[in-house]
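Below, each chain spelled out in residue letters.
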Amino acid sequence: MIVLGIESSCDETSASIIRDYKLLSNITISQEIHSDFGGVVPEIASREHQKNIIYVVDKAIKEASVDINDINGIAVTYGAGLKGALLVGLNFAKGMSIALGIPYIGVNHLEGHLFSNIMENEEIDFPFISLIVSGGHTQIWKVNSIGDYVLLANTVDDAAGEAFDKGARLLGLSYPGGPEIQKKSKGGDCNYVDFPRPKVKGSKYDFSFSGLKTSLMYYLKDLDENMILDNINHIAASYQEAIIDTLLNRLSLITKDHNINYVSIAGGVAANKRFREKSEILSKESNLNIFFPDFQLCTDNAGMIAMAGYQKIKDGYKSDLDLEANPNLSL
Ligand code: KG4
Ligand code: ZN
């Protein structure tokens, strides 16, 4: 069975073809235009999706060497995300579904991130713990089986990716901030600044990152510009370390408390090299099997959406044409 995946929830326009859980193509255009504004501008995101959607779908089909008429179904993100951005992918999928006479299914973006690891690593065993760390989410789920998810931890304010993005802005770096902070951290001393590892009052597992950003802001306030420029690698490395330590601390607590050894980490922040290094150390110390997706599957992409929708289409489920884009969709 061949499934076309479409993703347009934020600032990546992506299309993918999978056949029997095998990824044949995954074409993603990242909208770099937002770097001029220090964050994603919703109206611009929708317009860019509109410009790019035909190109990515066409390229995904060609690169997979399949005939458009052989596609059996379409899986498309219908939430969570930016309403206008979601509408572009969703309406395109509806149009193709009508034109080709095939079913389409709306997929939850977060479920897609859960699948970005399942599809690559057959050795992941249920139940496993899944940390989704992106620009919009920082959540830890217990995945009992496909479709059976329990939320164990959430952020009470900013997401970890947002902490990278806002921290980068304070440091005068461009958007998206995660890769920029990672680049600047090279050779930096991660103990140079003692940033807090924030905890949430009354909750053992939840995250809070807005205070960390504020402590960076106060730290920078007392420094002159040259001092910041001269030490930016140390400051960036210390800030990055505080985010990563916080994430790994919660993972460590949760895996111990639930006695689960399999961990999947997904979302844009999963691309971070230092995060991967420190996870490797934790996995050795605590006897955990920690899985990261391939880099192209960390950030938003249609491959993970196609994977998440595949089984549903195979089982005969389909969405109605009146399905609406849902910016606040939860799992
Ligand atoms: O999953 P994603 O592509 O989109 C959302 O659903 O949000 O994640 C984007 C987020 C951004 O906040 C970006 O700064 C962060 O992932 N990110 C990184 C890295 N690459 C992307 N954060 C840290 N290190 C990276 N290498
Ligand atoms: Zn995402």
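Located above this text is the structure these notes cover.
All of the points below concern the structure found in this document. None of these values were measured; they are calculated from a predicted model.

## Description of the side chain of Gln139
Step number 1: By the secondary structure assignment, Gln139 is in strand β7 (residues 138-145).
Step number 2: Residue Gln139 is classed as buried on the basis of its relative accessible area, which comes to 8%.
Step number 3: Within polar-contact distance, the side chain of Gln139 engages the side chain of Trp141 at 2.9 Å.
Step number 4: Within polar-contact distance, the side chain of Gln139 engages the side chain of Asn154 at 3.5 Å.
Step number 5: Once residues within four sequence positions are removed from consideration, Gln139 is found in contact with Leu110, Ser130, Leu131, Ile132, Leu151, Ala153 and Asn154.

## Some details on the nonpolar core
Step number 1: Ranked by size, the top nonpolar core spans 44 residues in total, and within it Leu131, Ile243, Leu247, Ile265 and Phe275 carry the most contacts.
Step number 2: Listed by contribution, the elements that provide at least two residues to this core are β6 (128-133), β8 (148-153), α4 (160-170), α6 (210-221), α8 (232-258), β9 (262-266) and α9 (273-286).
Step number 3: Element by element, the count of residues in this core is highest for α8, at 11 residues.
Step number 4: When sequence neighbours within four positions are dropped, the list of residues in contact with Leu247 reads Leu131, Val133, Thr138, Ala160, Phe207, Phe209, Val269 and Phe275.
Step number 5: In this structure, Ala64, Ile74, Leu90 and Ala325 belong to the second largest nonpolar core, which totals 27 residues.

## Points about the packing of aromatic side chains
Step number 1: Throughout the structure, instances matching the rule amount to 7 aromatic pairs.
Step number 2: Aromatic side chains Phe195 and Tyr219 sit 5.9 Å apart centroid to centroid with 75 degrees between the ring planes, which places their arrangement in the edge-to-face category. Note that Phe195 is positioned in the loop between α5 (177-185) and α6 and Tyr219 in helix α6, a separation of 24 residues in sequence.
Step number 3: Since its relative accessible area comes to 3%, Phe195 is described here as buried.
Step number 4: The exposure class assigned to Tyr219 is partly exposed, which follows from its relative accessible area of 23%.
Step number 5: Judged by centre distance (5.8 Å) and plane angle (85 degrees), the ring pair of Phe195 and Tyr239 falls under edge-to-face.

The rules behind each value
Residues numbered from 1 in each chain as written. Chains lettered and ligands numbered in written order. Predicted model: local features only at pLDDT ≥ 70, side-chain atom pairs only at ≥ 80, totals over all residues. Heavy atoms only, no water. Helix = DSSP H or I, 4+ residues; strand = E, 2+ residues; numbered from the N terminus. Buried < 20%, exposed > 50% of the residue type's maximum accessible area, 1.4 Å probe, protein only. Polar contact = N/O pair within 3.5 Å; in protein donor to acceptor, adjacent residues only side chain to side chain. Contact = heavy atoms within 4.5 Å. Core = buried A, V, L, I, M, F, W, Y, C linked by side-chain atoms within 4.5 Å. Phe/Tyr/Trp six-rings, centres within 6.5 Å; stacked < 30°, edge-to-face > 60°.

By themselves, these figures tell us nothing about what the structure is for.
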